[in-house]
Amino acid sequence: MATDGSDPIPPHKTFDTILVLDFGSQYSHLITRRLRELNVYSEMLPCTQKLSELSWTPKGVILSGGPYSVYWDDAPHVDDAVFELGVPILGICYGLQEIAWHFGKNVLAGEKREYGHAYLKVERHGDGEAGGHVDKLFAGLEDDMEVWMSHGDKLSHLPEDFITVATTTNAPFAGMAHREKKYYGIQFHPEVTHTPKGKIVLKNFAVDICQARTDWTMGKFVDQEIARIRKLVGDKGQVIGAVSGGVDSTVAAKLMQQAIGDRFHAVLVDNGVLRLNEAQQVKETLTAGLGIKLTVIDASERFLGRLKGVTDDPEKKRKIIGNTFIEVFQETAKKIAAEAHKSDKAGGIEWLLQGTLYPDVIESISFKGPSATIKTHHNVGGLPKDMNLKLIEPLRELFKDEVRELGKNLGIPEDLVWRHPFPGPGIAIRILGEVTPEQVRVAREADNIFIEEIRAAGLYRKISQAFAALLPVKAVGVMGDKRVHDQVIALRAVETTDFMTADWYPFDGAFLKKVSRRIVNEVNGVCRVVYDITSKPPGTIEME
Ligand code: GLN
């Protein structure tokens, strides 16, 4: 959690850990996720990781897939020291080829590429082979199973001391195992849902072969994380952090409150472009509900003043809001710090809380291209540099679904745990055109009706993100026999699992009719409602 390496008890020292070395496959992170779903802790590092620089020993290592061919001159290769660790190794796709390459350089381009579904035939060898360990990968599975393939290269022959444990019609070496050592390779991807029994293969590897304990549970994580925060911050240390009402910052804040109580100071900046009554609701939930010490700063006038007249470039809105946020947060942090210094708790504020999640961490260390690029960690928005704060990131090992589970564990209300994502610049980027207090009112009211109806129809959890946007045009309508020339609201609702691609939600006509009727009737200034039926790509989820 501390970026300066002073982390007292990282999870890989407490939990048995399977190390995934990433060769750049788009599915690598799924391997880690599947293992954690099996309650086995797993971390991912770039394939170029020098094992001698690792301060802990994994229970097992998985080499991921990757877009390269092992026989290319500039192909990435694993540190040979991995074969000296004395722990089981599983190679997946490129990982299988990498093991074969290490032992015999016997990989070449196949005549046929193999993408999509394939049928795997398991070959069992019985106890005769090294006490039966070669059969363990497919233990408890049928002899035929559906798998998902995505490769063009193949092994020309097995490396010495390996035997075949599975085949497909196109891949005679779809699964291999070392006769003595616990090294395994599979050509298919067990981590994707298109391999229905893939999780069992991963379980066989992690739990039966590596003997990793299955004790990665959120309850245990909470206890150990609280101990970790206390140790890191000490008896007197104080922490400040911004909250937005979103799930990540709320969970992080609650965890801090459990760990250090009032020595954690949460700050909510009201930028004037939050949702209807949001600042008030967040305040109630965090203070009365969760017991978090919170300072709310109403800076709406400053934000709206700076947004006045900005009509041309949406990026400009984002920048203004981002910079003003940092400014307000810094001022507030300084005031709170001065107070903290005066109080008998002493110590002052040394730490800044960040709700960084594991995907951000993976992204920032990810291996891209044949040479390792270690990007500097970018998720430090709002960090007041001149205050010299150290970062504390209690969620940096967690995926989003784990954060939700943690939230439930900490007693955070369901509504908040499942809240749709909301952009930092708020509804300013849902008002296409100039952001004025009047436009904010219109967009907020329309959005509120839309979300209210989505909840009432029981659709909130099915939809990944929904909002009302205000278009920068006017249209003609007739209201009360009078011709009107008023604004147009666009509704947007999408379903997605990863927010990289998304599809618009197919509401039924009656639902849309009801929402449209309510908005036109209840929101002054709107005479027309349209529904956005653009998928992502080519559309984005937000409109600006
Ligand atoms: N590039 C290698 C191949 O085509 C590995 C592919 C993979 O790991 N998905 O065989």
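Figured I'd write up the structure that's included with this text. (Residues numbered from 1 in each chain as written. Predicted model: local features only at pLDDT ≥ 70, side-chain atom pairs only at ≥ 80, totals over all residues. Heavy atoms only, no water.)

### Examining the packing of aromatic side chains
- Within this structure, the stated rule accounts for 20 aromatic pairs.
- Ring plane angle 45 degrees and centroid distance 4.6 Å describe the contact between Tyr41 and Trp216, whose orientation is recorded as tilted. Pair noted here: Tyr41 is in strand β2 (residues 41-46) and Trp216 is in the loop between α4 (198-209) and α5 (218-233), with a separation of 175 residues, a long-range link.
- Overall, the relative accessible area of 0% leaves Tyr41 in the buried class.
- The ring of Phe467 carries the charged tip of Arg430 above its face, separated from the ring centre by 4.0 Å. (Phe/Tyr/Trp six-rings, centres within 6.5 Å; stacked < 30°, edge-to-face > 60°. Helix = DSSP H or I, 4+ residues; strand = E, 2+ residues; numbered from the N terminus. Buried < 20%, exposed > 50% of the residue type's maximum accessible area, 1.4 Å probe, protein only. Lys NZ or Arg CZ within 6 Å of the ring centre and 35° of its normal.)

### With respect to unusual backbone geometry
- Geometrically, the link from Lys536 to Pro537 is a cis peptide bond, its omega value of -15 degrees lying close to zero.
- Structurally, Pro537 is set in the segment after β18 (526-531).
- Backbone torsion omega between Pro537 and Pro538 reads 5 degrees, so that peptide bond is classified as cis.
- The topology assignment puts Pro538 in the segment after β18.
- Positioned with a positive phi, Lys105 is a non-glycine residue whose angle comes to about 55 degrees.
- Mapped onto the secondary structure, Lys105 falls in the loop between α3 (94-104) and β5 (107-122).
- In this structure Lys105 comes out as exposed when scored by relative accessible area, which is 53%.

### Quick look at the packing of helix α6 (residues 247-260) against helix α11 (residues 400-409)
- Where α6 contacts α11, the two axes come as close as 10 Å, and the packing angle between them is 50 degrees. Relative to α11, the element α6 lies oblique. For α6 against α11, the interelement crossing comes out left-handed. Here α6 contributes Val247, Asp248, Val251 and Leu255 to the contact with α11, which in turn contributes Lys400, Val403, Leu406 and Gly407.
- For the contact of α6 with α11, the residue count by class is five nonpolar, one polar and two charged. (Axes fitted to C-alpha atoms, helices over the stretch in contact; angles between N-to-C directions. Parallel < 35°, antiparallel > 145°, perpendicular 65-115°, else oblique. Left-handed = near helix turned anticlockwise from the far one by under 90°. Contact = heavy atoms within 4.5 Å. Nonpolar A, V, L, I, M, F, W, Y, C, P; charged D, E, K, R; others polar.)

### Section: the pairing of strand β1 (residues 17-22)
- Along β1, six of the six residues are buried, which leaves the element largely enclosed by surrounding structure.
- Alternating positions in β1 separate into two faces, Thr17, Leu19 and Leu21 on one and Ile18, Val20 and Asp22 on the other, with burial throughout.
- Taken together, β1, helix α2 (residues 28-37) and β2 constitute a β-α-β crossover, and its handedness is right-handed.
- Across four bridges, β1 lies against strand β3 (residues 60-63) in parallel orientation. Residue pairing in the sheet places Ile18 in a bridge with Gly60 of β3. (Right-handed = clockwise from strand over helix to strand, strands pointing away. Pairing = 2+ DSSP bridges.)

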